Amino acid sequence: MTDESRFDDIRPYRDDEIPAAMERIAADRSFPFLASFVYPELTVDEARKRICSFKSIFDFQYNVMSIVNRRIIEDTITEFTIDGAEKLDPAKSCLFVSNHRDIVLDSCMLMYALYPYLNRTAEITFGANLMQGQLLIDIGKSNRMFRVERGGNPREFYQSTLHLSDYIRHAVTERNESVWIAQRNGRTKDGIDRTDQGIIKMFGLSGGGDRVRDLADLNIVPISVSYEWEPCDVLKAMELYAVRNGEPYVKKPGEDLNSILTGMGQDKGRVHFHVCDPLSVQDLEAFADVPNTQFHRCVASLIDRRICGSYRLFPNAYIAYDLKSGTQKYASEYTKTEFEAFCTSMDRLKECGVDEPDVLRDFFLGIYSNPIACPCE
């Protein structure tokens, strides 16, 4: 087995695999719906012909994903901004570690925003639970997404985690490809962005044993994404409501796809990305002498401080805080019009028909207010 082929089970497509993937996408029964979104000016047959003409990942990303991103920005975002990207070196690969608020938008819109600075995109982690069905696999892998296995018994989980760690290190340090990964498994549902220290442990599994050097070699760059209107806010509140008694949440068939489509179509207001300072050797050396578990926790906390410190608080956060606390502590941070708009949005909760609407309301408010109420240490 060659060094490259050992990752065939999780890697994105190569250019030579794109033509066959495009043929499958064009033949899928959902293609007319997809074509109407990406190419509304074309007939279905014209859209099929265009898709089938793509021969590379660049063709697909430039002629499909960039159009999708532009349409989402034009239709659902009032202001789209990024800062800090100028500090990145286009010639140097890195591992982007981001807070995670939307299943696909966080990574895809970041790639769109970074492209003018880097002239390339990064590879993107994508949960195996989301890569269901050939259509989603073809779209995801053509968009440079690679599969992350979850679950299994302890031995299987360890092996898949080690495999993922090997792949990330191989991509960043040997192929000079940047990689995007969320700071935790799954989206933040409650508005509290915290890095799972298990992610940090995973990064180091493929290293040579020098904890500081193993992480420094990956050139970790934290990314903070802030949405004025949280994607899938009602759906997230409903999920928190469902698990409030400690019972595991079992997703319904098609629920992930519904969240993806809801996140894409929902109004998001202002969206801002901030590229934080990379984790330097000096940053990591400060934790060189602590035990392993504490080392992972310290690195995770450092990432949290950079992400939370760069998180942009919009008026909705202050409104939600005041509503949840029953105060007017931050009344100077929003207008009457903004307050009324938030309350109108919150009225959607009435359609959920739950037994304890006040509990659901508190979860909804927490999604917006927790970045204030629960700051990073």
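Cut-offs and rules
- Residues numbered from 1 in each chain as written.
- Predicted model: local features only at pLDDT ≥ 70, side-chain atom pairs only at ≥ 80, totals over all residues.
- Heavy atoms only, no water.
- Core = buried A, V, L, I, M, F, W, Y, C linked by side-chain atoms within 4.5 Å.
- Buried < 20%, exposed > 50% of the residue type's maximum accessible area, 1.4 Å probe, protein only.
- Helix = DSSP H or I, 4+ residues; strand = E, 2+ residues; numbered from the N terminus.
- Contact = heavy atoms within 4.5 Å.
- Salt bridge = Lys/Arg side-chain N within 4 Å of Asp/Glu carboxyl O.
- Pairing = 2+ DSSP bridges.
- Right-handed = clockwise from strand over helix to strand, strands pointing away.
- Axes fitted to C-alpha atoms, helices over the stretch in contact; angles between N-to-C directions.
- Parallel < 35°, antiparallel > 145°, perpendicular 65-115°, else oblique.
- Nonpolar A, V, L, I, M, F, W, Y, C, P; charged D, E, K, R; others polar.
- Phe/Tyr/Trp six-rings, centres within 6.5 Å; stacked < 30°, edge-to-face > 60°.
- Lys NZ or Arg CZ within 6 Å of the ring centre and 35° of its normal.

Undergrad: Outline the nonpolar core, supporting the account with residue identities and numerical values.
TA: Core analysis: the largest hydrophobic core is formed by 53 residues, its most contacted members being M22, Y39, I51, V64, F96, M109 and L114. If one sorts the elements of this core by residue count, helix α4 (residues 57-76) sits on top with eight residues. Ranked by size, the runner-up nonpolar core spans 33 residues in total, among them V148, V172, I200 and V212.

Undergrad: Help me get a handle on unusual backbone geometry, residues and values and all.
TA: In the Ramachandran plot, N176 falls in the positive-phi region, its phi being about 55° despite a non-glycine side chain. Structurally, N176 is set in the loop between α7 (154-174) and β5 (179-182). The exposure class of N176 is partly exposed, given its relative accessible area of 33%. In the Ramachandran plot, N219 falls in the positive-phi region, its phi being about 50° despite a non-glycine side chain. Within the element layout of this structure, N219 appears in the loop between α9 (211-216) and β6 (220-227). Residue classification places N219 among the buried positions, given a relative accessible area of 15%.

Undergrad: Give a description of the side chain of D304 that names residues and reports values.
TA: Counting through the fold element by element, D304 comes out in helix α13 (residues 292-310). If we ignore the near neighbours within four places in the chain, the residues touching D304 are Q183, D193, R194, T195, G309 and C376.

Undergrad: A description of the pattern of salt bridges should follow, citing residues and the corresponding values.
TA: Applying the stated criterion across every chain, the model contains 20 salt bridges. The salt bridge partner of R101 is D193, with a shortest N-O separation of 2.9 Å. Here D193 lies in the loop between β5 and α8 (197-205) and R101 lies in the loop between β2 (95-98) and α5 (105-118), a separation of 92 residues in the sequence. As far as the burial class goes, R101 and D193 line up, both buried. One continuous salt-bridge network, built from bridges that share partners, spans R101, D193, E230 and K236.

Undergrad: So what's going on with the pairing of strand β4 (residues 145-148)? Residues and values would help.
TA: The pairing of strand β3 (residues 123-127) with β4 spans four bridges and is parallel. Paired with F126 across the strands is R147, a residue of β4. The parallel pair β3 and β4, bridged by helix α6 (residues 134-142), forms a crossover whose chirality is right-handed.

Undergrad: Any details on the packing of helix α2 (residues 31-38) against helix α3 (residues 44-51)? Residues and values, ideally.
TA: Their axes nearest at 10 Å, the elements α2 and α3 cross at an angle of 85°. In terms of orientation, α2 lies roughly perpendicular with respect to α3. Contacts between α2 and α3 involve F31, P32 and A35 from the former and V44, A47, R48 and I51 from the latter. Of the residues in the contact of α2 with α3, the class split is six nonpolar, no polar and one charged.

Undergrad: Can you explain the packing of aromatic side chains? Please cite residues and give values.
TA: Scanning all chains against the criterion turns up twelve aromatic pairs. Plain terms: the ring middles of F7 and Y167 are 5.1 Å apart, the flat faces sit at 75° to each other, and that makes the pair edge-to-face. Taken together, the residues F7 in the segment before α1 (18-27) and Y167 in helix α7 connect sequence positions 160 residues apart. In this pair, the class of F7 matches that of Y167, namely buried. A network of ring pairs unites the aromatic residues W229, F342, F364 and Y368 as a single cluster. One residue, R50, lies across the ring of Y39, its end atom 4.9 Å from the ring centre.

Undergrad: Describe in detail the sheet that holds strand β7 (residues 269-275), supporting the description with residues and values.
TA: Strands belonging to one sheet form pairs held by backbone hydrogen bonds; the direction of such a pair is parallel or antiparallel. A sheet is described by the order of its strands in space; here seven strands give the open sequence β1-β7-β6-β2-β5-β3-β4, paired in mixed fashion. The open sheet has two edge strands with one neighbour each: β1 (77-83) and β4. This sheet shows a mean twist of 25° between the axes of neighbouring strands, independent of strand direction. Pairing of β1 with β7, which is carried by six bridges, proceeds in the parallel orientation. Paired with E79 across the two strands is R270, which belongs to β7.

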